[in-house]
Every structure is written in C-alpha cells, then in structure tokens.
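Below are the chains, spelled out letter by letter.
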Amino acid sequence: MQSSSSSVNSKPLRKVIIPVAGLGTRVLPASKAIPKEMLPVVDKPVIQHVVEEAAAAGFTDIILVSRSGKSAIEDHFDVHYELEAELARKNKDAILASVQSTLPAGVNISSVRQAKALGLGHAVLCAAPLIGDEDFAVILPDMLIPTPAKQESDLSQMVAAYKAHGCGQIMVEAVPEDKVERYGIVDCNGESPAAGECADIIGMVEKPKPADAPSNLSINGRYILPARVMELLVDTQPGAGNEIQLTDAMANLIAEGGKLMAYTMCSKSYDCGNKAGFLEANIVYGLEHPETKDSLRALLANII
Ligand code: G1P
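Residues numbered from 1 in each chain as written. Predicted model: local features only at pLDDT ≥ 70, side-chain atom pairs only at ≥ 80, totals over all residues. Heavy atoms only, no water.

**A look at the site of the ligand**
Our working rule: A single heavy atom is enough: if one lies within 4 Å of a molecule or strand, its residue is considered near that molecule or strand. For this analysis, a polar contact is any N or O atom pair within 3.5 Å, provided that within protein one partner can donate a hydrogen and the other can accept it, and provided that sequence-adjacent residues contribute only side-chain to side-chain pairs. Computed by Shrake-Rupley with a 1.4 Å probe, the accessible areas treat only the displayed protein chains as cover when residues are assessed. Labels follow the DSSP assignment, with helices taken as runs of H or I lasting at least four residues and strands as runs of E lasting at least two, numbered in each case from the N terminus. Charged means Asp, Glu, Lys or Arg here, nonpolar means Ala, Val, Leu, Ile, Met, Phe, Trp, Tyr, Cys or Pro, and polar covers whatever is left, Gly included.
Near the ligand the following residues occur: Leu120, Leu140, Tyr183, Gly184, Glu206, Lys207, Ile219, Asn220, Gly221, Tyr223, Gln245 and Thr247. One nitrogen or oxygen atom from the side chain of lysine 207 is found 2.6 Å from an oxygen atom belonging to the ligand. Contact between the ligand and threonine 247: an oxygen atom at 3.4 Å from a side-chain N or O atom of the residue. In the complex, 75% of the free accessible area of the ligand, which totals 380 Å², lies under the protein chains. The greatest single-element share of the shell around the ligand, amounting to four residues, is contributed by strand β12 (residues 217–225). Looking at the shell around the ligand, its residues break down into five nonpolar, five polar and two charged.

**Structural notes on the pairing of strand β9 (residues 184–187)**
Quick note on the threshold: The buried label goes to any residue with under 20% of its type's maximum accessible area, the exposed label to any with over 50%, and the partly exposed label to all in between, with areas taken from a 1.4 Å probe on protein chains only. We call two strands paired when DSSP finds no fewer than two bridges between them.
Of the two faces of β9, both are covered, the one formed by Gly184 and Val186 as well as the one formed by Ile185 and Asp187. Pairing of β9 with strand β11 (residues 203–206) involves four bridges; the strand directions are antiparallel. If you follow valine 186 over to β11, its bridge partner there is methionine 204.

**What to know about the pattern of salt bridges**
We count it as follows: Counted as salt bridges are all cases of a side-chain nitrogen of Lys or Arg within 4 Å of a carboxyl oxygen of Asp or Glu.
Enumeration according to the criterion identifies 16 salt bridges in this entry. Across the pair glutamate 86 and lysine 90 runs a salt bridge whose closest N-O atoms are separated by 3.5 Å. Overall, the relative accessible area of 32% leaves glutamate 86 in the partly exposed class. Given a relative accessible area of 46%, lysine 90 falls into the partly exposed group. Here lysine 209 makes a salt bridge to glutamate 181, at a shortest N to O gap of 3.1 Å.

**Observations concerning unusual backbone geometry**
The peptide bond linking leucine 28 to proline 29 adopts the cis configuration, its omega dihedral lying at 5°. For proline 29, the location among the structural elements is in the loop between β1 (15–19) and β2 (40–41). With phi around 55°, asparagine 91 is a residue other than glycine that occupies positive phi space. Its place among the elements puts asparagine 91 in the loop between α3 (81–89) and α4 (93–100). Positive phi outside glycine occurs at lysine 207, with the angle close to 45°.

What follows is the structure, encoded as structure tokens:
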C-alpha cells in the first residue's frame, strides 16, 4: 500500500522517546565509563546522530529514558560555558558553532529515569508523565539509519505515512529466517511491503523461534505509536526474556481492534550496540564526511 500525501491525521506528533538506560554490555570495555550512546560515529556521538534524525523529521520534544551513570548524555546537549568562552576567546568559530548546536534549534530535551531494567516496554512507560495523551515516536538509538543524499529519511517518510493513513507506523526490515529470534516480528497477513511502502499489521510477536515466526519482517528501532499504547503498557506483563515488551503492548492494541502499519525501510541500519555494526557505521559515515572521506577511501582501497 503506497502512502499518500493527503493528510487524514492532524493530531500533534512532536514527542519522541529515546531509551538510553541500557548497560552497553555488547560494546564493553568501551562502554565501561562512558555511555555506549556517547561513542563517536566520526565526529558526533551516536545519540547526536539520532537526535538530529528526529529533529529533521519534525519532532521538537526529545525524552531520554536514562539511568544513573549516564549523565554525560544530558551534558552533551547542555551549554558548556567554560568551553564555549574559551573557544570564543580563541576565535575558533567553527568549532564553537559545532559545540553550540549539539541540540538542534527548536528542540527541547528532557530526561526521566528507569530505575530497574525491566524491558523496552517498561522504559517507554517511564516516559508516560511527559507524553500525556499524545501520540509519540520511539527511537532505539543503537540503530543508526543514514539518510541517502537528497532523500527524505525513513523516519520522515513514516511521519508522512502516519499522517496519510491516520495510524501508527512500525519500521521493519526483512531478515534471514534464522535471525528472527533476535527481533520483534510482525505479521502482515503474507504481505511484504516494498521499500518506502506500508501494509496493515495483523499481529506481532517478540523474539519468536523460527518455526513460530509469522514472517521474516523484523521491527527495526523506529516506531510512531498512538497514545493508547501507553495505556496498554500499564497492564502489559513480562513476556520474552521475562521483560515488559513494547511488542506485546502493540500486539494488544491490534487484538483490541487498533490499527498499526509496517513501514519497510529504504535505507540500511547499523546496529551501534555491537562492535561490527559500530565499525560499519563509522566507515559508512566516514565515507560521507567531507573531512574524512578522501583519506578513508584511500585507506580502504589500500587495505583491500
Ligand atoms: C528491541 C525490540 C525488538 C526489536 C529490536 C531491534 O529488542 O524489543 O522488537 O526488533 O529492539 O529494533 P532488543 O534488541 O532490545 O532486545
């Protein structure tokens, strides 16, 4: 089903929840003393790439769900008076501008704490007081999704589809069947929407065994959800991995007659929560960055 440009949904969509309370065990020891979200992809921490993606898609309110020991993330988006004064004194204008624009213009950032690691659904529920009764997005910051030059980002296309179809959108990507156990898997009644298109979801399951998976369409870290999902999370019991799963609350929404669609991504995702994905992201982003692309290209050509 193609998304159309005519708008049927005029509700405000401005808030995005970014869970950042994970311990980063897959990228230790790098993440021992700094949050994994602060590891750099070229010249910006992973979290800044994600916040910029949200701002470019029109979101104005970022809500971090954090934990103790991760305040470097909040500091990164705050004013650093001493550093800024020093850069200004030395007339380092370009660097000063980069330090002052870590938080995109017009964007507010706030954070809540997730005291116990009870699962993604629980992390999202921790942001409920700041979401109120609004529809909202969720971005999993491990997944970096570059926007190809001169194209709309996948998140922007999901916002357009949300407005056009009047329902939540879940980003999906086809994965090999032996990998379905790592992801939430959606059931589109046999349909597999082409890149940039969406299809109705009739069910979903978190981390199924390959034999039980309804498809190979994995949920991939970007969600636009109706406010009702937050209410459903309140009563969602621990599921896969004994954690409160966002997937289960979304499945309950569909079971009670709510509508969600699966949006197939156009770009490619890089999972910066593991070592290989993090390195790949640095190479892909490094090959785009004006200051690094030539030397990196030469290095890669030399090595290969
Ligand atoms: C989470 C979600 C899962 C999704 C995955 C990748 O799992 O619960 O549905 O497929 O992220 O976006 P996690 O990787 O936190 O176990």
